[in-house]
Amino acid sequence: MTFEAFLFYFFSVVLVGSAVAVITVRNPVHAALFLVLAFVATAAHWIMLEAEFLGILLVLVYVGAVMVLFLFVVMMLDINMSRIREGFMKLLPVGIVVAVGMMVVMAMVVGAQVFQVEPPVPASADYSNTEALGQLLYTEYVYPFEIAAVILLVAIIAAIVLTLRKRPDTRYLDPAKQIQIRREDRVRMVKMESEKK
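The residue numbers shown here count from 1 along each chain, following its written sequence. Confidence filtering applies because this is a predicted model: local features only for residues at pLDDT of at least 70, side-chain atom pairs given and counted only at 80 or more, and all residues used for totals across whole chains, interfaces and linings. Calculation of side-chain values draws on the structure's entire complement of heavy atoms; hydrogens and water are dropped beforehand.

Student: Please explain the overall build of the protein as it appears in this structure.
Tutor: In DSSP terms, a helix is any run of H or I states spanning at least four residues, a strand is any run of E spanning at least two, and both are numbered starting from the N terminus. When you go through the protein residue by residue, the secondary structure sums to nine helices and zero strands. Exposure categories follow from relative accessible area, calculated using a 1.4 Å probe and restricted to protein chains: below 20% of the type maximum is buried, above 50% is exposed, and the middle band is partly exposed. Here the protein holds 197 residues, and 10% of them are scored as buried. Nonlocal contacts in the protein, meaning residues at least 24 apart in sequence, comprise 55% of its contacts between residues at least 6 apart. For every accessible area listed, the method is Shrake-Rupley and the probe measures 1.4 Å; residues are considered covered only by the protein chains on display. Per element, the accessible surface of the protein, about 17500 Å² overall, is 70% carbon and sulfur. Throughout, a residue-residue contact means that at least one pair of heavy atoms, one from each residue, lies within 4.5 Å.

As structure tokens, this is what we get:
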């Protein structure tokens, strides 16, 4: 067994083990940390496949930003774990059927003739994966890329609108009114004689 094959099997075991741990551990913080480990193992696979840009992007975007934000949210919320676990056994058969169906569909897609082509051989020694990805993304797939960008922009705007909606039970500050306040409106001087003992 070569060292590259050993690394592949090692990261595969880490990836499968951490993915199973994500759905089996009871603590949501531990589940998020196992998901971080799964992302790191996936990034290692991509780097071994010479897709360095995708591997580094996965670590920077998902591990460095999304999962850290998710960890902060999970740690700040007061999650009632007993209510989450209430319907686990009742919904387990449905979950198993959905998981088996997804595995069948994935096997059909990956086993299709489309995925049986040989990867292109780099033309020269200074071949850049990132440059080839950029050229393909901005030439042949420019319209799907732009559509995905517009969909993400709509999602960002929708999240901002949902956050800034008016709630009747929330107090709001009006900065214009705060600036117009004078000292005389807030402070009242009261003259009192000093007490004598």
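Alright, that's what it looks like, and here's the rest.
Student: Just checking my understanding: could you explain a nonpolar patch on the surface for this structure?
Tutor: Judged by side-chain polarity, Trp46, Ile47, Leu49, Phe53, Leu54, Ile56, Leu57, Leu60, Val61, Tyr62, Val66 and Leu133 come together as a nonpolar surface patch covering roughly 1100 Å² of accessible area. Taken together, the elements giving at least two residues each to the nonpolar patch come down to helix H2 (28-48) and helix H3 (52-76). Counting residues per element, the nonpolar patch draws most heavily on H3, at eight residues. Its place among the elements puts Val61 in helix H3. Looking at Val61, the relative accessible area reads 37%, which means it is partly exposed. Residues forming no salt bridge and having over 30% relative accessible area are the ones grouped into patches, like charges within 9 Å of each other and nonpolar side chains (Val, Leu, Ile, Met, Phe, Trp, Tyr) within 5 Å. Salt bridge, as used here, is a side-chain nitrogen of Lys or Arg placed within 4 Å of a carboxyl oxygen of Asp or Glu.

Student: Could you clarify how one ought to interpret the nonpolar core in this entry?
Tutor: In summary, soluble globular proteins display a tendency toward joint burial of nonpolar side chains. In terms of nonpolar packing, the biggest core is built from eight residues, these being Ala32, Val36, Phe39, Ala43, Leu58, Val63, Met67 and Leu71. Among the elements of the structure, H2 and H3 are those that each provide at least two residues to this core. Other than its neighbours up to four places away in sequence, Ala43 contacts Gly55, Leu58 and Val59. Working definition of a nonpolar core: buried Ala, Val, Leu, Ile, Met, Phe, Trp, Tyr and Cys residues. They are joined through side-chain atoms within 4.5 Å.

Student: Looking at this model, I keep getting lost on the packing of aromatic side chains. Mind explaining?
Tutor: Any two aromatic rings considered together are summarised by their centre-to-centre distance and by the angle between their planes. Pairs were defined over the aromatic rings of Phe, Tyr and Trp, the Trp ring being its six-membered one, requiring ring centres within 6.5 Å. Orientation was assigned from the angle between planes: stacked under 30 degrees, edge-to-face over 60, tilted for the rest. Scanning all chains against the criterion turns up six aromatic pairs. Ring geometry for Phe6 versus Phe10: centroids 6.3 Å apart, planes at 20 degrees, classification stacked. Remark: Phe10 and Phe6 occur in helix H1 (residues 3-24); sequence separation between them is four residues, near one turn of the helix. Classification of Phe10 as partly exposed rests on a relative accessible area of 43%. Their ring planes at 70 degrees and their centres at 5.4 Å tell us that Phe8 and Tyr9 sit as a pair that is edge-to-face. We classify Phe8 as partly exposed; its relative accessible area is 40%. Ring-pair connections join several aromatic residues into one group, and the members of that group are Phe3, Phe6, Phe10 and Phe11.

Student: For this particular structure, what's the right way to read the confidence of the model for the protein?
Tutor: Confidence of the predictor at the level of single residues is captured by pLDDT, which takes values from 0 to 100. Per-residue pLDDT for the protein has a mean of 82; in total, 85% of the residues score no lower than 70. The secondary structure element of the protein with the lowest average pLDDT is helix H4 (residues 81-84), at 64, and the one with the highest is H1, at 92.

Student: Is there a simple way to explain H3 in this structure?
Tutor: Helix length check: H3 (25 residues) gives 34 Å between terminal C-alpha atoms against 36 Å at 1.5 Å per residue, within 8%. A residue's bend is the angle separating two fitted axes: one through the seven residues that end there, the other through the seven that start there. Along H3, the sharpest kink reaches roughly 30 degrees, centred on Met67. For H3, every residue scored as buried is listed here: Gly55, Leu58, Val63, Met67, Leu71 and Val74. Considering only its buried residues, H3 is in contact with H2. A helix is expected to reach a length of 1.5 Å times the quantity of its residues less one.

Student: Any chance you could explain the side chain of Ser12 here in plain terms?
Tutor: Position of Ser12 relative to the elements: it lies in helix H1. For Ser12, a relative accessible area of 18% translates into the label buried. By the criterion applied in these results, polar contacts are pairs of N or O atoms within 3.5 Å in which, for protein atoms, one can donate a hydrogen and the other can accept it, and in which residues neighboring in sequence qualify only through two side-chain atoms. Within polar-contact distance, the side chain of Ser12 engages the side chain of His45 at 3.1 Å.

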